[in-house]
Amino acid sequence: MDYTTITRGLRVDLGRQISDDATHFYLPQRARENVTYFSAAGLGINPYSYQHLVFREIEKTDRLMICKSRQIGVSMAFAIFALWACHFNKFSSGIHKNTKIVIISRSDQAAKKLTQDIKKLIWVGDKKMAEKLDGEKHFFSNFLEPNPKLAANTKYQISWKDGSFVKCFPPTDSSRGETANVIIVDEAAFVEDEIFRDVIEPIVSATGGKIILGSTPNGQHGFYYELFDPFDTMPEHEYNRIWYKWDICENPTQLKVIKQKYEAAKRDGNMRSFDQEFNAMFTVDEQSFFIDEDVEKNVDETLALQYEWKKSPCIIGYDYGVVKSATVISVVTKIDDRIILLWQYARKDLDDNLLTDPGFEHCIQNLYKRYNVSKIVVDDCIQGNRTNKEFETMGYDVLRYNFRSDSNTSDRNRGYYLFRAQLKRYRIKYPRIPELLIEMKMMQEIQLKVITQVKAPKGYNDDRVDSFMLAAYPFIIDDDYNMQILTTEAAKTKKQLANENNPRYDKDWDTYFSGEGKGLI
């Protein structure tokens, strides 16, 4: 997906809404129909063109995501929209015929601040009304509910006489059970997946309301990354998407500040942070195992899944699923120097007995008929033990690969380091399988005190990647280049890793007394 650009037509439309009549007059009916005019004429705040686009998109769609740079005023646009919607009761519903706006902020403090910002906008609007209209009947504050017994106006809530309200919450389950016409999640990328799915989404289910998700990115994981899909891995998207980086900012003072931050980031060598915070890029986490660019570049758009293949030797990789993960079968071949994923099958709750049942379409017997199979590589785990033994009893060439034993942790890493080395050389090729790409981009490398773990983060699966790596493994270890990688990246012993985490460890001392450093002194 490309960054969103501001068209000439959008700027013309913006100019029409903030023209001279908006400066000198306030027309309530026109303000009711247009957020931008309401902001300009009613509050004296001329929206920037990118804020104007946000207003237009919110009005015309029920699902909107804005991925944006910090400090360009999108959160203020949310506050103005919420005030406009409640002041004019734009989304009247329910037995009380009122508009209900819920805003989820990044923290409790941010929720209170946003409530205060909306109250300040009301005060600013009152001052503007005093300049343009006689009397106080048009003051925005006159429409608020003054009776605390009827509706609370607190640090987290603002209520209107007609029952409309804005409620602000931190990103916890404190909003559970609320009902709203519009829910706005500010800094949505920092909200936990469970809170979004179990608490936030149901808030608009009864009203069929709008969900607006705005945020700076937070790495390549979580519901926000998946829904925004910056690399367009999905053919269709549930949400309309807007993507703003810092140079869209139209505030000269703020633009100057951001440019200073850019120069400081270059000087300090901290461009990763700037890319995420201001270029609104879904940067690779420090823990991410694969570089996203490598994952995308190894996709071969000319490839399709091959139901059968006899042209070259093939290897089958089996990763066995547990409660929330899938059993995955991958078939890989090697042509020249390219390791190619020919076919992949994934299914949760698969009865592993089917893997050797001749009546099952993808049983091992049928796979041998469809492919020129030379070897099977299996996940040597408890849940796969019966199937693995049966494969061996049936006479197949089986290589067991232990992912989970602490004594074999380096084996898991060994396979993944070698796989990554080939990926960086663009020798691993596969069709565009969205589920596989997402898993690859989610894989993490986590350094513990003694060992390094390569796995999916909590709440995500790595079944497809594991199966793919298993099938590719025998082809990969034939490459002399990868044997060099082992010595530098994957062959560290527990003692070496423990020493490296010991602040008193002297590497030169060990090198000298091991006989490797004869010329050290």
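Residues numbered from 1 in each chain as written. Predicted model: local features only at pLDDT ≥ 70, side-chain atom pairs only at ≥ 80, totals over all residues. Heavy atoms only, no water.

Caption draft 1: The overall build of the protein, seen in detail. Across its full length, the protein carries 20 helices and 15 strands. For the protein, the residues scored as buried account for 51% of the 521 residues in total. Sequence-distant contacts in the protein: of pairs separated by 6 or more residues, those separated by 24 or more amount to 68%. In the form shown here, the protein has an accessible surface area of approximately 24900 Å², with 50% of it arising from carbon and sulfur atoms. (Helix = DSSP H or I, 4+ residues; strand = E, 2+ residues; numbered from the N terminus. Buried < 20%, exposed > 50% of the residue type's maximum accessible area, 1.4 Å probe, protein only. Contact = heavy atoms within 4.5 Å. Areas by Shrake-Rupley, 256 points an atom, 1.4 Å probe, with all protein chains shown as cover.)

Caption draft 2: Fine view of helix 4 (residues 35–42). Burial within helix 4 is extensive, with eight of its eight residues counted as buried. Among all positions of helix 4, only V35, T36, Y37, F38, S39, A40, A41 and G42 are buried. Looking one or two residues beyond helix 4, the residue adopting positive phi is G44, at roughly 75°.

Caption draft 3: Up close: the nonpolar core. Ranked by internal contacts, the top residues of the largest apolar core, which has 51 residues, are F38, I66, I103, V166 and Y244. If you list the elements that add at least two residues to this core, you get helix 4, helix 5 (49–60), strand 1 (63–67), helix 6 (74–87), strand 2 (100–104), helix 7 (108–132), strand 4 (165–169) and strand 5 (182–186). With eleven residues, the top contributor of residues to this core is helix 6. Among residues more than four places away in sequence, those in contact with F38 are Y26, A31, L43, I80, L83, W84, H87, F88 and F140. (Core = buried A, V, L, I, M, F, W, Y, C linked by side-chain atoms within 4.5 Å.)

Caption draft 4: Spatial organisation of the sheet that holds strand 10 (residues 338–348). What the six strands build is an open sheet, ordered 12-11-8-9-10-13; its pairing is mixed. In the strand order of this sheet, the two ends are held by strand 12 (398–401) and strand 13 (428–429), each with one partner. Seen against the sheet, helix 14 (residues 385–393) touches strand 8 (309–319), strand 11 (371–379) and strand 12 and runs at an angle of roughly 155° to strand 12. (Pairing = 2+ DSSP bridges. Axes fitted to C-alpha atoms, helices over the stretch in contact; angles between N-to-C directions.)

Caption draft 5: Region of interest: empty space enclosed by the protein. As enumerated under the stated definition, the model contains two cavities of 30 Å³ or more in all. Of the pockets and cavities examined, the largest cavity occupies roughly 70 Å³. Forming the walls of the largest cavity are Y225, E226, D229, P230, F231, T233, I438 and K441. Listing elements by their share of the lining of the largest cavity, those giving two or more residues are helix 9 (222–228) and helix 16 (434–442). (1 Å grid on protein atoms, 1.4 Å probe; cavity = no way out; pocket = protein on both sides within 12 Å on 5 of 7 lines; lining within 4 Å. Points joined across faces, edges and corners; volume = space filled by probe spheres on them.)

Caption draft 6: Representation of the packing of aromatic side chains. Evaluation of the coordinates by the stated rule reveals 33 aromatic pairs. Taking 5.7 Å as the distance between ring centres and 45° as the angle between the ring planes, the aromatic pair formed by F81 and W84 counts as tilted. Placement of both F81 and W84 in helix 6 is noted, with a separation of three residues, approximately one turn of the helix. W84 carries the same exposure label as F81, and that label is buried. The interplanar angle of 5° and the centroid separation of 3.9 Å between the aromatic rings of F196 and F223 together place this pair among those described as stacked. With F196 in helix 8 (residues 193–200) and F223 in helix 9, the pair connects residues that are 27 residues apart, well separated along the chain. Its guanidinium or amino end placed over the ring of F289, R420 lies 4.1 Å from that ring's centre, counting from NZ or CZ. (Phe/Tyr/Trp six-rings, centres within 6.5 Å; stacked < 30°, edge-to-face > 60°. Lys NZ or Arg CZ within 6 Å of the ring centre and 35° of its normal.)

Caption draft 7: Highlighting the confidence of the model for the protein. Confidence along the protein averages 85 in pLDDT terms, with 83% of residues attaining 70 or more. Between residues 405–410, whose pLDDT stays under 50, and residues either more than four places distant or in other chains, the model counts four contacts. (pLDDT = per-residue confidence, 0-100.)

Caption draft 8: Main features of the sheet that holds strand 2. The mixed open sheet is built from seven strands, whose spatial order is 3-4-2-5-6-1-7. The sheet terminates laterally at strand 3 (157–159) and strand 7 (240–243), the two strands that pair on one side only. Along the sheet, successive strands turn relative to each other by an average axial angle of 10°, direction set aside.

Caption draft 9: Quick peek at the packing of helix 16 against helix 17 (residues 463–476). Packing of helix 16 against helix 17 leaves a shortest axis separation of 8 Å and a crossing angle of 90°. Classified by the interaxial angle, the pair formed by helix 16 and helix 17 is roughly perpendicular. Contacts between helix 16 and helix 17 involve E435, L436, E439 and M440 from the former and D463, R464, V465 and F468 from the latter. Per-class residue counts for the contact of helix 16 with helix 17 are four nonpolar, no polar and four charged. (Parallel < 35°, antiparallel > 145°, perpendicular 65-115°, else oblique. Nonpolar A, V, L, I, M, F, W, Y, C, P; charged D, E, K, R; others polar.)

Caption draft 10: View of the pattern of salt bridges. Under the definition given, this model contains 27 salt bridges. Note that R197 and E201 form a salt bridge whose closest N and O atoms lie 3.4 Å from each other. Overall, E201 belongs to the partly exposed group, its relative accessible area being 22%. Between K441 and E296 there is a salt bridge, and its shortest N-O distance comes to 2.5 Å. Of this pair, K441 sits in helix 16 while E296 sits in helix 12 (residues 292–297), placing them 145 residues apart in sequence. On the basis of relative accessibility, which here comes to 3%, the residue K441 falls in the buried class. Through salt bridges with shared partners, a single network forms among D292, E296, E301, R432 and K441. (Salt bridge = Lys/Arg side-chain N within 4 Å of Asp/Glu carboxyl O.)

Caption draft 11: Looking closely at the pairing of strand 4. Judged by how many residues are buried, strand 4 sits mostly within the fold: five of five residues are covered. Here strand 4 shows no split at all, with F165, K167 and F169 on one side and V166 and C168 on the other all buried. Both strand 2 and strand 4 contribute to a ladder of five bridges, which runs parallel. When the bridges of strand 4 are listed, I104 appears paired with F169. Sheet topology places strand 3 next to strand 4; three bridges connect them, and they run antiparallel.

Caption draft 12: Seen up close, the environment of Y368. Note on placement: Y368 falls in helix 13 (residues 364–370). Once residues lying within four places of it in the same chain are set aside, the contact partners of Y368 are K310, V373, I376, Y396 and D397.

Caption draft 13: Structural context of the side chain of N366. Checked against the element boundaries, N366 lands in helix 13. Only 3.3 Å separates the side chain of N366 from the backbone oxygen of E361, close enough to count as a polar contact. For N366, the contacting residues outside a window of four places in its chain are P358, F360 and E361. (Polar contact = N/O pair within 3.5 Å; in protein donor to acceptor, adjacent residues only side chain to side chain.)

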